[in-house]
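Chain by chain, the residues run as shown.
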Amino acid sequence: MRNLIPVIRPLTVAVFSVLLASCAVGPDYVRPNMDTGDHFVRQGMSVAEASGEDKALSALSDDADFWQALGDPQLSVLIEQTLLANHDLRSALSRYDEANALLRGAKFDHLPTLTAQANASDTRLSADQSPGASREARDVKSYDGGFLLSWEIDLFGRVRRNVESKHAEADALAADLRALQVKIVAEVASEYIKLRGLQERLQVAKQNAQIQTDTLRLVDAGLAAGRGTEFDAVRVRAQLESTSARVPALEAQIAFSEHRLAVLSGKPPGALIAELDTPKALPGLPTAFNVSAPAELLRRRPDVAAAEYRLHSSTAKIGVATADLFPRITLGGLFGSQGASSSGLFERDSEHRIIALGIDWSFLDVGRVRSRIAASKAGAAGELARYQQTVLIALEDTENALVRYDKAREEDEFQQRAAIDSNRAAALARTRFEGGVGTLLEVLDAQRTNLQAQDELAQSRARTLNGLILLYRAMAGGWPTRLPERQEVADAIQPAASGVANPL
């Protein structure tokens, strides 16, 4: 090995000198500029930018999980379970882990590849191949072993651009995972709100059915005493049956929501029935919001980040393709020992070596290279258009969410007053009828109006809360950063029932 030092040392110095002076071909990535404005056009009075005093109450804070602001512990537990066990999230995590593994592999291209090899052979030559030699002399044994070194000298940045592209792809998949967390957590929260709204509507239907049952009992008693007509009893009974028909339909929708929430949290459909069957009031609304500027929004939205990372990756791929216009230089070496017997491998003068500098240049194939460059540029142009469209959609989502929530709160205020007034009107109509002043038609009409108002109030409250969740989702505030639980393939895949061994 001492004989190698005079050869390797100047070659190494020369290589590193060239590397320090080299540059990566292809365009460097620059974030595209887009005019997003200083504020949202539809930012209404219900959702105003928080002042310094309000920021402690901000429901859109980056450092707090948004569902905590709703004040429902059962919803918080359900979302935490979903973040850990949802199978779509675990699938996205595996794609991110795969990209990270490929990135680590690409980084190794910066370093020399060193492999070990060994061979042993026992060859007998024929008499024609070795005329005059004895049978024993025609037996030839050979042993050799050594190390093979190969290293691509990254003069024009092909390796660096490839690593840059892989890094951006891994970052894009990490952003995809965050975007999927946002989507699934929002779906869990929306489905939970829907469930509680349906349960509230079910209670309203049952309460009104009980009131109408009492009215029917009152009419039947009057009919038995010679007051009223059969027509009155039939009208009351028809309205009672119509109200009762709401109950099974609502119960079916409640069951669907319970099944959906169980599957979202990684459980069988029936796993949460006992836990969720007990009705609970809808969560309350937070009191303050910190609506950030559009530019701040775009920095937080994971779908925008994923689109930008993919644009970055495509830009780096242009450099990978462009590097093929220049020579690819590879340094190789073989250092080993040979002998006629295994004991002679490491004896003096048994060593051998090869040091080679290879140049691979596709200058005669420049047409294909330029075609690949053109394809990479077209891919980057497509990713740029997708990024710009993603930004516009993010802004549109936020404007729509601001309008939806602002108007939902206005609607909710009207519905609350309507429910209070219709409930009072139904009570007055019943009192007037029992006192002989009002008519049965007034009672039935007031009860029908009260049922509709109470039912619409429950729907309106659920819509308002869902509007808040969509606003959270659009603003990308208060979203989780926790990763789902990883599961090893060997633990997840069981051997087949046929008895064939699991290859993993």
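Residues numbered from 1 in each chain as written. Predicted model: local features only at pLDDT ≥ 70, side-chain atom pairs only at ≥ 80, totals over all residues. Heavy atoms only, no water.

## Let's talk about the overall build of the protein
At step 1: When helices and strands are counted, the protein shows twelve helices and four strands.
At step 2: Expressed as a percentage of its 504 residues, the buried residues of the protein come to 39%.
At step 3: Long-range pairs, those at least 24 residues apart, make up 84% of the contacts in the protein between residues at least 6 apart in sequence.
At step 4: Just so you have it, the protein exposes about 27900 Å², and 56% of that area is on carbon and sulfur atoms. (Helix = DSSP H or I, 4+ residues; strand = E, 2+ residues; numbered from the N terminus. Buried < 20%, exposed > 50% of the residue type's maximum accessible area, 1.4 Å probe, protein only. Contact = heavy atoms within 4.5 Å. Areas by Shrake-Rupley, 256 points an atom, 1.4 Å probe, with all protein chains shown as cover.)

## Comments concerning the packing of helix α3 (residues 87–107) against helix α4 (residues 158–224)
At step 1: For the pair α3 and α4, interaxial distance at closest approach is 9 Å and the crossing angle is 170°. For the element pair α3 / α4, the angle class is roughly antiparallel. In this structure, α3 uses D88, L89, A92, L93, R95, Y96, A99, N100, L103, A106 and K107 to contact α4, whose residues at the interface are N162, V163, K166, H167, A170, L173, A174, L177, L180, Q181 and I184. (Axes fitted to C-alpha atoms, helices over the stretch in contact; angles between N-to-C directions. Parallel < 35°, antiparallel > 145°, perpendicular 65-115°, else oblique.)

## Examining the side chain of S422
At step 1: If you trace the backbone, S422 turns up in helix α10 (residues 366–434).
At step 2: Its relative accessible area of 7% is what places S422 among the buried residues.
At step 3: Among the polar contacts listed, one links the side chain of S422 to the backbone oxygen of A419, at a separation of 3.1 Å.
At step 4: Within the structure, the side chain of S422 is placed 3.2 Å from the side chain of N450, a separation counted as a polar contact.
At step 5: Among all residues touching S422, those that are not within four sequence positions of it are A446, T449, N450 and A453. (Polar contact = N/O pair within 3.5 Å; in protein donor to acceptor, adjacent residues only side chain to side chain.)

## Some thoughts on the nonpolar core
At step 1: Formed by 54 residues in total, the largest nonpolar core has its most connected members in F66, W67, I79, V188 and L261.
At step 2: Setting aside chain neighbours within four positions, we find I79 in contact with W67, V185 and V188. (Core = buried A, V, L, I, M, F, W, Y, C linked by side-chain atoms within 4.5 Å.)

## Quick word on helix α2 (residues 73–85)
At step 1: An ideal rise of 1.5 Å per residue puts 18 Å on 13 residues; α2 measures up with 18 Å between its terminal C-alpha atoms.
At step 2: Taken residue by residue, α2 has Q74, L75, S76, L78, I79, T82 and L83 as its buried positions.
At step 3: Packing partners of the buried residues in α2 comprise α3, α4, α6 (246–264) and α7 (273–276).
At step 4: Where α2 starts, the residue carrying a side-chain oxygen 3.1 Å from the main-chain nitrogen of Q74 turns out to be D72. (Expected span 1.5 Å × (residues − 1).)

## Let's talk about helix α11 (residues 440–475)
At step 1: Here α11 spans 52 Å end to end across 36 residues, near enough to the 52 Å set by a 1.5 Å rise per residue.
At step 2: At the C-terminal side of α11, A476 shows a positive phi close to 55°.

## Observations concerning the pattern of salt bridges
At step 1: Applying the stated criterion to the full structure yields 27 salt bridges.
At step 2: Between R160 and D154 there is a salt bridge; the shortest N-O distance is 3.0 Å.
At step 3: What makes D154 buried here is its relative accessible area of 8%.
At step 4: As a salt-bridge pair, R217 and D214 come within 2.9 Å of each other at their nearest N and O atoms. Of the two residues, R217 and D214 both sit in helix α4, three residues apart, roughly one turn of that helix.
At step 5: One network of salt bridges, with partners in common, ties together E152, R158, D324, R328 and R372. (Salt bridge = Lys/Arg side-chain N within 4 Å of Asp/Glu carboxyl O.)

## Side note on the packing of aromatic side chains
At step 1: Here the structure, examined in full by the defined rule, presents one aromatic pair.
At step 2: Centroid distance F156 to F326: 4.7 Å. Interplanar angle 20°. Geometry classified as stacked. Linking F156 in the loop between β2 (139–153) and α4 with F326 in the loop between α9 (302–322) and β3 (328–339), this pair joins segments that are 170 residues apart in sequence.
At step 3: F156 gets classed as partly exposed once you look at its relative accessible area, which sits at 24%.
At step 4: Since its relative accessible area comes to 31%, F326 is described here as partly exposed. (Phe/Tyr/Trp six-rings, centres within 6.5 Å; stacked < 30°, edge-to-face > 60°.)

## Here's the deal with the environment of A106
At step 1: Relative to the helices and strands, A106 is located in helix α3.
At step 2: The spatial distance from the C-alpha of A106 to the C-alpha of V159 is 7.8 Å, given a sequence separation of 53 residues.
At step 3: Every residue in contact with A106, bar those within four places of it in the chain, is listed here: N162, V163 and K166.

## Description of the environment of F40
At step 1: Mapped onto the elements, F40 comes out in the loop between α1 (5–21) and α2.
At step 2: By relative accessible area, which is 3% here, F40 ends up buried.
At step 3: Through-space distance from the C-alpha of F40 to that of E396 is 9.8 Å; in sequence the pair is 356 residues apart.

## Notes on the environment of A356
At step 1: Within the secondary structure, A356 is located in strand β4 (residues 351–360).
At step 2: Separated by 207 residues in sequence, A356 and L149 place their C-alpha atoms 10.0 Å apart.
At step 3: Those residues in contact with A356 that sit more than four places away from it in its chain are T330, L331 and G332.

## Topic: the packing of α10 against α11
At step 1: In contact at an axis separation of 7 Å, α10 and α11 are set at 160° when each is read in the N-to-C sense. Comparing the axis directions of α10 and α11 gives the class roughly antiparallel. Seen from above, α10 lies across α11 with left-handed handedness.
At step 2: Class assignment for the residues of the contact of α10 with α11 results in 20 nonpolar, twelve polar and eleven charged. (Left-handed = near helix turned anticlockwise from the far one by under 90°. Nonpolar A, V, L, I, M, F, W, Y, C, P; charged D, E, K, R; others polar.)

## Points about the confidence of the model for the protein
At step 1: Taken as a whole, the protein shows an average pLDDT of 81; of its residues, 82% reach a score of 70 or greater.
At step 2: Least confident of the elements in the protein is α1, whose mean pLDDT is 48; most confident is α6, at 96.
At step 3: Counting contacts from residues 1–8, a segment whose pLDDT is below 50, to residues more than four positions away or on other chains yields seven contacts.
At step 4: Residue range residues 45–63 is modelled with pLDDT below 50. Its contacts to residues more than four positions away, or to other chains, number 47 contacts. (pLDDT = per-residue confidence, 0-100.)

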